[in-house]
Every structure is written in C-alpha cells, then in structure tokens.
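# Close look at the chain arrangement
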Amino acid sequence: MSWHDTRVTAALGCRFPIIQTAMGWVSDANLVIATTRAGGFGFLAGATIAADQLEAEINKVIAATGGSNFGLNFHMFQDNAGQCVDLAIKYRLRAVSYGRGPDRETIQRFKDANVLCIPTVGALKHAIKAVELGADMITIQGGEGGGHTGGVPTSILLPQVLSAVDIPVIAAGGFSTGRGLASALAAGADAIAMGTRFMMSSDSPTPALTLERYLATRDTQQVRVTLAVDGMRHRMVDNPFIRKLEAASPMGRLWIALRSARKWKAQTGMSTLHMLRTFIAAIKDDPSAMSQVIMAANQPILLQRSMVEGFPDEGILPSGQVAAAIDKLLSCQQLIDEIVQEADVCLQRLHQRMQQETASLHAEQHRSAHV
Ligand SMILES: Cc1cc2nc3c(=O)[nH]c(=O)nc-3n(C[C@H](O)[C@H](O)[C@H](O)COP(=O)(O)O)c2cc1C
C-alpha cells in the first residue's frame, strides 16, 4: 500500500489521486483519454458537448481506455441534462460531477447503477447539503480556482469541510504541483482535482493563441473575479473583452446576453419552450435571478470565441490563479509523472522528519530515565 492508494483511487479505479476536472470546450474525449492513460481520472465536460455528439465522445473514451473509468459533468439547467443522466447510467460511468445538483430521485438512480456522485462545492454549507442529498464524495473548490468559484480560499475551505463530513474529500482550487498534492493529502484529502493545469497542457484542445495568452499571465492579480458574465463569481484572466462587458450598462449587458442566448439556442437546437421553462423555473426559485439566468446563456458562447475559435481578446478566459505559476505546457503523462514524483519526495521528507523526531524523543526519554 502506498500513499497513491486512497479511498478515491479505490473507488474511481485510477492509479493516482489526481483528477482532471470538467472544463467547457476543454475537457473533451482526447483530454480524458490522455489523463486516464497517465493514471489520473478525467471528467468529460457534458455542458458544452453537443447532444448529438455526447454518446460518440463517451464511446471514444471507452474504446481508447478499455473501460468506463471516467466521469461526466453536467448541469441540471442544461437542455440535455436528462440525456447526460441516462448516458452516465447506460454506460455505467464511474462518476458524475455537477454544481447545482440533481434531486434525490436522480441521485438514487445513479446509486442504483453504481455511478458515484461527486458534486463540487465552494462553501461549507453547500458541502453539508451535498452530503445530505447523498453525495458519495465531494470536490471542494477554493476561491482561487478557475471558472465559477466561491470566495473561500482552499486553505480555509478544505480543513473546514474535512472536519464536517465523513465522505472522501477532493481538494481543488490552485493545485498544479506535487507539493500541493502532498499538502492536500497530509491535511486529510483523498485526492486533488485540477482544471487550469490540465487546460494548460499539450493534450488540451485549446487553440495555441489562447494558450499563449494563459502562459503569458505572470501575475495572480491578473486572474480575477468578475460578475459581468452571468451575474455569478467567475474567475478569469483579465482581457479587453471583460473590461468592455463590465463597463456596459445593465441594458447593454442584457442585450449581449440575449444575443448569446439566441446563438446558443441555434447551435444546440434548444427549443424555445425549453428555454422559457428554464427561465420560469429559475425565476420561480428566486425572482431576483432573472437577469442571472438570461446572462448564463452568455457563458458557452463567450467561451467558444476564445477557447474554440482562438481569439483570446474576444471571449472570456476562465482560469484559476494558478495560471500565473505555470510557465510551460506538458503532456498529461508528463505533468502527472512530475506531480507524483514531487509529492513522493515531499511525503518521504515528512516521514523522515517524523522518524527523526520520534528517535530524538526516545533518546531524550532514555537519557531522562537514567539521570
Ligand atoms: C477553462 C475552464 C472552464 C471550466 N468549465 C467548467 C465547466 O464547464 N463546468 C464545471 O463544473 N467547472 C468548470 N470549470 C471549473 C473546473 O472544473 C475546476 O473546478 C477548477 O478549474 C479548479 O480550479 P483550478 O483551475 O485552480 O485547478 C472550468 C475551469 C476552467 C479553467
């Protein structure tokens, strides 16, 4: 038994406690395949894979890796959320991840099919709620993490959640090194999950010009939170587009959002009825959420401009602050190997230090006993 073997690796069937998270337009079949082959566990980003391609992407990973030891991420407000649920169950995927989660009944369907439910949370109260709803494990994402993110740093959220729940906890937000992995395991986490580090890899589908922009980010303050995209805390690399969006009037922003919503509707084939139903359900839940819900339509379209079409100044660049600490693109194999080796050195050093301290304590006790 080595430190690689945790409750998470046992349950997910991967060699190392390293998880590649779902990232819109980034976590495709190829990235998941590269992660799986390198010994990690990957999630497909179900929110941005077209409904008519999702099953093929799942099959691509199964064919290349010889099994279904990977996960699917989805959001319940997606038009094809039902399809994501059905496919995860049909192919007996190891896990699903989500933010605002499915109801108890859907979670029970996953449990009956042995699909593990791993929600991502950004606050202690959400972790407790997720456990009540039946989560098998939780990913905590500290505020320094990329994409939608809370305000509590990993160094505060991780110990809080570890003290409050009994299920395995996966630490996310700011990880990219073996030192980080060693510290998370030492604190009691069963794995780390990384988004930005995998996005900034040579296996990532992100266009070269956009990756160059991420690599050129050297200051963590350049990777900041904005509410301008969809009304929620969203961490991204600062660029002219974000500044324009922030400077726009509420009407101006709404206009941009409605245009994006129309484009997204055309691309996904989402029916007007579904769109209206989604809006009405969200507004019923929380009337103040109306502009948020409309603005949520911004996200896939604005992501697409930078992350698919390769125009880093014309779309958004979701990122964790850790981007400022990453200066080269490695393959998934190289980065997982490096992280595992570095964690190994850290954990051995910790072990030796403890042994030395125990030996000197024994020597001290021996001396005292003979005085
Ligand atoms: C480019 C990018 C896109 C993301 N898209 C999604 C998404 O579609 N769904 C989701 O649940 N999380 C998304 N996230 C959040 C990540 O899954 C992950 O939780 C986060 O990146 C972890 O923090 P880190 O970037 O510091 O590693 C995204 C993050 C990035 C950087």
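Before reading on, note that the structure itself is shown above.
Residues numbered from 1 in each chain as written. Predicted model: local features only at pLDDT ≥ 70, side-chain atom pairs only at ≥ 80, totals over all residues. Heavy atoms only, no water.

If you walk through the whole model with that rule in mind, you get three aromatic pairs. Where F74 meets F110, the ring centres are 6.2 Å apart and the plane angle is 45°; that geometry is what we call tilted. With a gap of 36 residues between them, F74 in the loop between β3 (71–73) and α4 (81–90) and F110 in helix α5 (residues 104–112) connect regions that are remote in the sequence. Each of the two residues, F74 as well as F110, counts as buried. Here R305 stacks its cationic end above the ring of F311, 4.1 Å away from the centre of that ring. (Phe/Tyr/Trp six-rings, centres within 6.5 Å; stacked < 30°, edge-to-face > 60°. Helix = DSSP H or I, 4+ residues; strand = E, 2+ residues; numbered from the N terminus. Buried < 20%, exposed > 50% of the residue type's maximum accessible area, 1.4 Å probe, protein only. Lys NZ or Arg CZ within 6 Å of the ring centre and 35° of its normal.)

When the terminal C-alpha atoms of helix α3 (residues 51–65) are compared, their 22 Å separation across 15 residues agrees well with the 21 Å that a helix rising 1.5 Å per residue should span. Inspection of α3 places L54, E57, I58 and V61 among the buried residues, and these make up the whole buried set. Along the long axis of α3, the arc covered by the buried residues comes to 100°, so they all point the same way. Across α3 from its buried face, at more than 90 degrees, point the exposed residues D52 and A63. Each element contacted by the buried residues of α3 is listed here: α2 (29–37), β2 (41–45), β3 and α4. With its phi angle positive at about 75°, G66 sits one or two positions after the end of α3. (Expected span 1.5 Å × (residues − 1). Arc of directions from axis to C-beta. Contact = heavy atoms within 4.5 Å.)

Pairing within the open sheet is parallel, and its nine strands lie in the order β5-β4-β3-β2-β1-β10-β9-β7-β6. Across the chains shown, the open sheet's two edge strands, defined by having one partner strand only, are β5 (116–117) and β6 (120–121). Sheet analysis places β6 next to strand β7 (residues 138–141), joined by two bridges and oriented parallel. Bridge assignment links T120 to a residue of β7, and that residue is T139. Where helix α8 (residues 178–187) meets the sheet, it contacts β1 (18–20), β9 (169–172) and β10 (191–194), and its direction lies at approximately 135° from that of β10. (Pairing = 2+ DSSP bridges. Axes fitted to C-alpha atoms, helices over the stretch in contact; angles between N-to-C directions.)

Helix α16 (residues 332–369) packs onto α8 with a crossing angle of 50° between their chain directions and a minimal axis gap of 7 Å. In terms of axis orientation, α8 runs oblique to α16. Considering only the axes of α8 and α16, their crossing is right-handed. Contact residues: α8 offers G178, R179, L181, A182, L185 and A186, while α16 offers I339, E342, A343, C346, L347 and L350. For the contact of α8 with α16, the per-class residue count stands at nine nonpolar, one polar and two charged. (Parallel < 35°, antiparallel > 145°, perpendicular 65-115°, else oblique. Left-handed = near helix turned anticlockwise from the far one by under 90°. Nonpolar A, V, L, I, M, F, W, Y, C, P; charged D, E, K, R; others polar.)

With that settled, consider the sheet that holds strand β8 (residues 147–148). Within the open sheet, the three strands sit side by side as β8-β12-β11. Their pairing is antiparallel. The strands lining the two open edges of the sheet, one partner per strand, are β8 and β11 (223–226). The pairing of β8 with strand β12 (residues 234–237) spans two bridges and is classified as antiparallel. Note that in β12 the partner of H148 across the bridge is H234.

Two elements in contact, helix α6 (residues 124–132) and helix α7 (residues 154–164), have axes separated by 10 Å at closest approach and are oriented at 35°. Note that α6 runs across α7; the crossing there is right-handed. Within the contact between the two elements, α6 uses L124, A127 and I128 and α7 uses L157, Q160, V161 and A164. Of the residues belonging to the contact of α6 with α7, the class tally is six nonpolar, one polar and no charged.

Right, let's get into the pattern of salt bridges. Counting across every chain of the model gives eleven salt bridges. One salt bridge connects R109 with D86, and the closest N-O pair in it is separated by 2.9 Å. Here R109 is found in helix α5, whereas its partner D86 is found in helix α4, with 23 residues between them in sequence. Residue class for R109 comes out partly exposed when judged on its relative accessible area of 40%. Note on D86: relative accessible area 40%, which makes it partly exposed. In this structure, D238 engages R243 in a salt bridge whose closest nitrogen and oxygen atoms are separated by 3.2 Å. A relative accessible area of 45% means that R243 is categorised as partly exposed. Here the salt bridges do not stand alone but share partners, grouping R224, D238, R243 and E246 into one network. (Salt bridge = Lys/Arg side-chain N within 4 Å of Asp/Glu carboxyl O.)

What follows covers the site of the ligand. In the vicinity of the ligand lie 19 residues, with A22, Q141, G174, G195 and T196 positioned nearest. The separation between an oxygen atom of the ligand and a polar main-chain atom of G174 is 2.8 Å. Here an oxygen atom of the ligand and a side-chain polar atom of T196 are 2.5 Å apart. Protein burial of the ligand: of its 600 Å² of free accessible surface, 91% is covered by the chains. Grouping the constituent residues of the shell around the ligand by class yields five nonpolar, 14 polar and no charged. (Near = heavy atom within 4 Å. Polar contact = N/O pair within 3.5 Å; in protein donor to acceptor, adjacent residues only side chain to side chain. Areas by Shrake-Rupley, 256 points an atom, 1.4 Å probe, with all protein chains shown as cover.)

The biggest cluster of nonpolar side chains holds 61 residues, and the ones touching the most others in it are I18 and F198. Considering every element that reaches this core, the biggest residue donor is α16, with eight residues. Counting contributing residues per domain, this core is built from domain 1 (7–206 + 330–352) and domain 2 (219–323), each supplying no fewer than three. Setting aside anything within four residues of it in sequence, one finds I18 in contact with G40, F41, L181, I192, M194, F198, I336, I339 and V340. (Core = buried A, V, L, I, M, F, W, Y, C linked by side-chain atoms within 4.5 Å. Domains from an automatic or database assignment.)

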